[in-house]
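What follows is each chain in one-letter form.
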Amino acid sequence: MFRNLAQLFATNQRPKTDVFLVHPLQLGRWLDEAWAAAATVPPFGPSTGQAPFLGSTDIVSELDLPAPVAGVQPPVPSGLDLTNPDVFTGATFPASPPLIWDHLVYAYLIESTGVFEVMAEVLRRLVVGETLNSLSAKGLRWVRATEELFFRDPPLFAIGGITSQLRPDLRVARRNAYWRMFAFEPSHAIPRRWRPPSFTGDEAWKADTGSGVNTGFREKWVELLRQVWLGIENAKNGIGPNATDREYVAFLCKAIKDMLNMRRRGGQLAREEFVHVTTMSWFHLTLESDSPIVLDLKAEATNAADRLAKVAQIVGMAPAARSRELFELSELMSALLRAIELGLFDSGAQAETLYLPVGTNAKLLEDMNKIIDLWQSATGERVKDRVVTAVSGTSAQPVRLPSPSPSPAPAPVPVGAAAGNGFRS
Amino acid sequence: VTAQSPPQSPSPADPTVNVSADKIDQILAALHNVATALADNAAQGDGRGSLGVPTKPSPVQAGTIVDYTALSQLLGRPGFFGVVSAERRGNKIVFKNAPPDATKALVQADRDPEPEVVELDPPIPGSEDRTVTLRRIGNDRSIGRTELRTSDDIPIRLGPRLRPSP
């Protein structure tokens with residue numbers, strides 16, 4: 001979400017890192033305005049008339065502030081000015097066009113790099129002692145905003161206030177959301193220092209989820225990537241046997257859509273997703289360029305993964321071994337899963353656009369190819385190989401069609417490799 | 001060192017060479033046909049070329065592609081342009097900075113099964129904004145989906161959700 005805001009600064013000829021110079025009160029209020037603006041997102045896909053992407057037509061308006069009557073100002077507008085981060089305009093942020101926040105998988109992939117725990121340790125050291133470099137004025141503003149926004153209780157009645165006596169720990173809350181939506185867990189444990197007093201291991205986020213866990217997500221997702229790769233391989237095959245089955249690809253997309261939408265019924269997880277992707281986008285944006293804090297830590301590099309490795313080394317930690325792939329995959333997989341959830345690939349003709357050049361889908365094809373390459377590299381799963389069966393040798397598709405109903409829970413397999421990720425080396 | 005003379009070019013009168021040249025011509029012609037088919041792959045009625053490979057999106061595919069592009073733009077991804085800003089003024093909708101190849105708009109009111117497809121009003125000199133005048137959808141209706149389309153009905157931009165006109 002903060003990367004969207006950075007993009008808006010960039011379109012106004014300002015550096016993206018201006019986001020870090022905005023007062024945290026304004027940023028906090030902007031988050032509430034961004035939430036409310038989602039009500040104007042146009043409906044996508046075939047189900048016109050439906051509200052966007054959150055599982056309920058009303059969830060945004062049910063949770064936002066009441067609209068002010070004519071002549072009354074909304075309470076505490078963000079007053080953001082995209083041409084000057086040190087200015088307060090007194091107006092709410094214009095929501096045209098509105099912004100869409102990333103899919104929950106974005107938060108999962110970014111957290112799997114280890115960035116949150118590494119930056120938490122950096123911040124801790126900066127505010128409790130003098131073991132790191134002294135900060136520039138801009139670095140100091142990053143520290144203040146980061147601590148205010150992500151390491152203290154959020155302001156009362158803010159959209160970001162998802163912690164309470166009932167779920168006191170945000171780390172556990174994030175893992176609970178990942179587990180329910182994907183049956184994924186970050187590969188690193190919660191560092192001992194940050195475990196809540198009543199910490200019970202992974203039961204802390206798995207307990208009481210009931211049957212509401214998408215245990216079959218990984219299997220269907222990898223099968224979708226395999227089938228799309230088969231389509232890419234055969235895209236220009238006009239004469240030989242072609243095992244691509246566009247209806248099967250559509251079935252897989254629908255199975256994933258149904259599975260994810262089951263977790264969103266009535267707008268469940270909408271607010272949690274908003275908070276978690278917002279948090280991770282702040283740290284992703286921090287490392288996406290040589291931002292003030294990166295410069296202060298002397299961790300300049302050419303990409304987010306290398307900057308993370310340098311920062312982690314300073315505080316004696318190690319990021320995920322495949323953090324580069326995870327950073328790059330996050331944005332791509334987020335857009336694709338949003339599109340699948342919205343039903344953009346529900347029919348065979350629509351599913352063809354994932355692998356067949358039809359004139360105007362070059363960007364979509366490029367995204368799919370990158371997702372396949374990055375997922376394979378990040379997880380070590382050989383997506384591009386055909387499935388070999390005992391009966392018929394190499395088989396393009398399985399006998400049974402995919403079903404969105406959950407299968408028995410498998411042992412969790414983390415996406416990020418990296419033993420030691422998030423731990424002291 | 002003895003200089004060798006270059007090999008003699010085959011004589012056109014040589015019957016063996018003539019036969020080979022004919023064969024080569026036939027092979028070249030066949031290859032040319034294949035190359036033409038691959039290059040042109042001219043679109044058939046269903047958007048598929050002579051080899052069965054699509055050369056242009058069907059309307060439903062074009063809708064999917066513009067939706068994905070708009071979604072990516074709203075997610076903040078650079079390089080994606082699928083959204084157009086719009087506002088409602090009475091029975092008109094004004095599309096800001098409409099792309100030049102847009103000639104018509106699809107407008108669908110909430111809970112309305114059939115969209116209204118209308119030609120864009122004539123362009124205003126010196127402005128890139130384009131307007132449409134709604135005929136069927138009343139000012140009191142919320143509009144869920146707006147699309148700008150080309151003359152052959154391919155959607156190219158997605159507009160915002162619009163509240164009833166004051």
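One structure accompanies this document, and this report is about it. What you see is a predicted model; the values in this text were computed from it and never measured.

1. A closer look at the packing of aromatic side chains
Residue and element names in this part refer to chain A.
- Applying the stated criterion across every chain, the model contains 22 aromatic pairs over all chains.
- The interplanar angle of 55° and the centroid separation of 5.6 Å between the aromatic rings of Phe150 and Trp282 together place this pair among those described as tilted. Linking Phe150 in helix α6 (residues 137-150) with Trp282 in helix α11 (residues 270-288), this pair joins segments that are 132 residues apart in sequence.
- A relative accessible area of 10% means that Phe150 is categorised as buried.
- By relative accessible area, which is 0% here, Trp282 ends up buried.
- With 5.6 Å between their ring centres and 50° between their planes, Phe150 and Phe283 make a pair best called tilted. Here the residue Phe150 occupies a position in helix α6, and Phe283 occupies one in helix α11, the gap between them amounting to 133 residues. Neither Phe150 nor Phe283 differs from the other in exposure class; each is buried.
- Site record: aromatic cluster; members linked through ring pairs are Phe2, Phe20, Trp30, Phe93, Phe116, Phe150, Phe151, Trp282 and Phe283.
- The lysine or arginine in question, Arg175, covers the ring of Trp205, its NZ or CZ lying 5.2 Å from the ring centre.
- Over the ring of Trp179 we find Lys206; its NZ or CZ atom is 4.3 Å from the centre of that ring.

2. Examining the side chain of Glu223 of chain A
Residue and element names in this part refer to chain A.
- Mapped onto the secondary structure, Glu223 falls in helix α9 (residues 217-233).
- No salt bridge is formed by the buried Glu223. Its closest oppositely charged neighbour is Arg226, at 4.0 Å.
- A polar side-chain atom of Glu223 sits 3.0 Å from a polar atom in the side chain of Tyr248.
- Excluding residues within four positions of it along the chain, Glu223 makes contact with Tyr248, Leu252 and Pro398.

3. Quick look at the sheet that holds strand β7 (residues 155-158) of chain B
Residue and element names in this part refer to chain B.
- Strand order across the open sheet formed by four strands is β4-β3-β6-β7, with antiparallel pairing between neighbours. One side of each edge strand has no neighbouring strand; the edge strands of this open sheet are β4 (116-119) and β7. Strand-to-strand twist in this sheet, taken as the mean axis angle between neighbours without regard to direction, amounts to 25°.
- The sheet contacts of helix α2 (residues 59-74) involve β6 (143-149) and β7, and relative to β7 the element is tilted by about 30°.

4. Some thoughts on the environment of Ile314 of chain A
All names here are of chain A.
- On the secondary structure map, Ile314 appears in helix α13 (residues 304-314).
- Given the relative accessible area of 34%, Ile314 is considered partly exposed.
- Between the alpha carbons of Ile314 and Asn237 there is a distance of 52 Å; along the sequence they are 77 residues apart.
- Excluding residues within four positions of it along the chain, Ile314 makes contact with Arg125, Leu132 and Leu297.

5. Things to note about empty space enclosed by the protein
- Applying the stated rule across the entire model yields one cavity of 30 Å³ or more.
- Taken as a whole, the largest cavity spans an internal volume of roughly 40 Å³.
- Forming the walls of the largest cavity are ten residues, and the residues nearest its centre are Pro97 and Pro98 of chain A together with Val83, Val84 and Pro160 of chain B.
- Looking at side-chain class alone, the lining of the largest cavity contains seven nonpolar, three polar and no charged residues.

Conventions used here
- Residues numbered from 1 in each chain as written.
- Chains lettered and ligands numbered in written order.
- Predicted model: local features only at pLDDT ≥ 70, side-chain atom pairs only at ≥ 80, totals over all residues.
- Heavy atoms only, no water.
- Phe/Tyr/Trp six-rings, centres within 6.5 Å; stacked < 30°, edge-to-face > 60°.
- Helix = DSSP H or I, 4+ residues; strand = E, 2+ residues; numbered from the N terminus.
- Buried < 20%, exposed > 50% of the residue type's maximum accessible area, 1.4 Å probe, protein only.
- Lys NZ or Arg CZ within 6 Å of the ring centre and 35° of its normal.
- Lys, Arg positive; Asp, Glu negative; His and termini not counted.
- Salt bridge = Lys/Arg side-chain N within 4 Å of Asp/Glu carboxyl O.
- Polar contact = N/O pair within 3.5 Å; in protein donor to acceptor, adjacent residues only side chain to side chain.
- Contact = heavy atoms within 4.5 Å.
- Pairing = 2+ DSSP bridges.
- Axes fitted to C-alpha atoms, helices over the stretch in contact; angles between N-to-C directions.
- 1 Å grid on protein atoms, 1.4 Å probe; cavity = no way out; pocket = protein on both sides within 12 Å on 5 of 7 lines; lining within 4 Å.
- Points joined across faces, edges and corners; volume = space filled by probe spheres on them.
- Nonpolar A, V, L, I, M, F, W, Y, C, P; charged D, E, K, R; others polar.

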